[in-house]
Amino acid sequence: EDQVTQSPEALRLQEGESSSLNCSYTVSGLRGLFWYRQDPGKGPEFLFTLYSAGEEKEKERLKATLTKKESFLHITAPKPEDSATYLCAVQESGGSYIPTFGRGTSLIVHP
Amino acid sequence: KAGVTQTPRYLIKTRGQQVTLSCSPISGHRSVSWYQQTPGQGLQFLFEYFSETQRNKGNFPGRFSGRQFSNSRSEMNVSTLELGDSALYLCASSSGGSGTGELFFGEGSRLTVL
């Protein structure tokens, strides 16, 4: 069973059409949850770290939120340049601190 | 500040050959991690080095190995290549304090095994 599950696998939006990406996790204790953005042919780029339920982080049109079992990446009024794969990673407390990555959500924003 | 540099960016090998990939981390970063990324499996952790010591290892066969030098630069080696080793190999550096998940990735080395 995957520890980190992202949904949907792919999402197509029209420019300006807000939506949310989901990352659910099953670790027993959370040390940290991370969001990354990956453009085609590039390495992932760090976006946010969330540590505890109720925490929120914002950057331009992106807002990440965290509950006890999942995180959401809200995209408000997206633009074509927001098109990318968004990866979620979870770091479990009490064990190896190596983050486990989900398989990502591929987002395409049409003009 | 220069980012993480990986070389080569692209390479093609045949089954049975071996390959060495190189990674130069961000200046001052002492932790270097390696990941394999494929469409089917996503990002899979290979190993992590900190101050020239392997600190963590993922679930990959012994054909995959790595090392870190005193200047924090790292190399990974894959011997006896198989078709399934075709992937994007990503290196990530971090300050490596108490195990930060904030990783800074290079652009990757895309390996094709024929």
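All values derive from a computational prediction rather than experimental measurement.

### So, the environment of E52 of chain B
All names here are of chain B. When you line up the elements, E52 lands in the loop between β5 (42–50) and β6 (53–57). C-alpha separation for the pair E52 and V4, spaced 48 residues apart in sequence, amounts to 17 Å. When residues no more than four places from it in sequence are discounted, the contact partners of E52 are Q68, F69 and S70.

### Points about the layout of surface pockets
By volume, the largest pocket is sized at about 630 Å³. If you trace the largest pocket, you find 29 residues lining it, with T85 and R103 of chain A together with Q37, T38 and P39 of chain B closest to the centre. For the lining of the largest pocket, the secondary-structure elements that each account for two or more residues are β1 (4–7), β9 (84–92) and β11 (105–110) of chain A together with β4 (31–38), β5 and β9 (87–94) of chain B. The class makeup of the residues in the lining of the largest pocket is eight nonpolar, 15 polar and six charged. Each pocket or cavity is described by its volume, and for the second largest pocket that value is around 370 Å³. Listing elements by their share of the lining of the second largest pocket, those giving two or more residues are β10 (100–101) of chain A together with β5 of chain B. With four residues, the single largest contributor to the lining of the second largest pocket is β5 of chain B. Across the lining of the second largest pocket, the residue classes break down as eight nonpolar, eight polar and three charged.

### A few points about the nonpolar core
Grouped together as the largest cluster of nonpolar side chains are 23 residues, with contacts concentrated most on L33, W35, L73 and Y86 of chain A. For this core, the secondary structure elements donating two or more residues are β2 (10–14), β3 (19–25), β4 (30–38), β5 (45–50), β7 (62–66), β8 (70–75), β9 and β11 of chain A. When residues of this core are assigned to their parent elements, the largest contribution, four residues, is made by β9 of chain A. Each residue touching Y86 of chain A, except ones within four places of it in the same chain, is listed here: Q6, L21, W35, Y36, R37, L47, L62, L73, G104, T105 and L107 of chain A. Formed by 21 residues, the second largest nonpolar core is a distinct cluster that contains L11, V32, F47 and L81 of chain B.

### Some words on the environment of K59 of chain A
All names here are of chain A. Its place among the elements puts K59 in strand β6 (residues 56–59). Relative accessible area serves as the criterion here: at 36%, K59 is assigned to the partly exposed category. Each C-alpha atom, one on K59 and one on L47, is 8.0 Å from the other, the two residues being 12 residues apart in sequence. When residues no more than four places from it in sequence are discounted, the contact partners of K59 are E45, L47 and F48.

### A word on the side chain of R63 of chain B
Residues and elements named next belong to chain B. Locating R63 in the fold gives a position in the loop between β6 and β7 (64–68). Since its relative accessible area comes to 15%, R63 is described here as buried. Discounting chain neighbours no more than four positions away, the residues touching R63 are N77, V78, S79, T80, L81, E82 and D85.

### Side note on the interface of chain A and chain B
Contacts between the two partners involve 19 residues from chain A, matched on the other side by 21 residues from chain B. The junction of chain A with chain B conceals about 1700 Å² of combined surface from both sides, 52% of it contributed by carbon and sulfur atoms. When residues of chain A are sorted by the area they lose upon contact with chain B, Y97, I98 and F101 of chain A head the list and together hold 30% of the total. Our count for the contact surface shared by chain A and chain B stands at one salt bridge. Between K42 of chain A and E107 of chain B there is a salt bridge, and its shortest N-O distance comes to 3.8 Å. Applying the counting rule to chain A against chain B returns seven residue pairs in polar contact (both at pLDDT 80 or more). Those elements that place two or more of their residues in the side of chain A that touches chain B are β4, β5 and β9 of chain A. Take the side of chain A that touches chain B: its biggest share by element is four residues, from β4 of chain A.

### Side note on the sheet that holds β7 of chain A
All names here are of chain A. Here five strands make up an open sheet; going across it, the order is β1-β3-β8-β7-β6 and the pairing antiparallel. A single partner strand is all that each edge strand has here, and the edge strands are β1 and β6. Each neighbouring strand pair of the sheet contributes to a mean axis angle of 15°, computed without reference to strand direction. Judged from the four bridges that link them, β1 and β3 form a sheet pairing that is antiparallel. The partner of S7 across the bridge, within β3, is N22.

Conventions and cut-offs
- Residues numbered from 1 in each chain as written.
- Chains lettered and ligands numbered in written order.
- Predicted model: local features only at pLDDT ≥ 70, side-chain atom pairs only at ≥ 80, totals over all residues.
- Heavy atoms only, no water.
- Helix = DSSP H or I, 4+ residues; strand = E, 2+ residues; numbered from the N terminus.
- Contact = heavy atoms within 4.5 Å.
- 1 Å grid on protein atoms, 1.4 Å probe; cavity = no way out; pocket = protein on both sides within 12 Å on 5 of 7 lines; lining within 4 Å.
- Points joined across faces, edges and corners; volume = space filled by probe spheres on them.
- Nonpolar A, V, L, I, M, F, W, Y, C, P; charged D, E, K, R; others polar.
- Core = buried A, V, L, I, M, F, W, Y, C linked by side-chain atoms within 4.5 Å.
- Buried < 20%, exposed > 50% of the residue type's maximum accessible area, 1.4 Å probe, protein only.
- Buried area = accessible area lost by both parts, 1.4 Å probe.
- Salt bridge = Lys/Arg side-chain N within 4 Å of Asp/Glu carboxyl O.
- Polar contact = N/O pair within 3.5 Å; in protein donor to acceptor, adjacent residues only side chain to side chain.
- Pairing = 2+ DSSP bridges.
- Axes fitted to C-alpha atoms, helices over the stretch in contact; angles between N-to-C directions.

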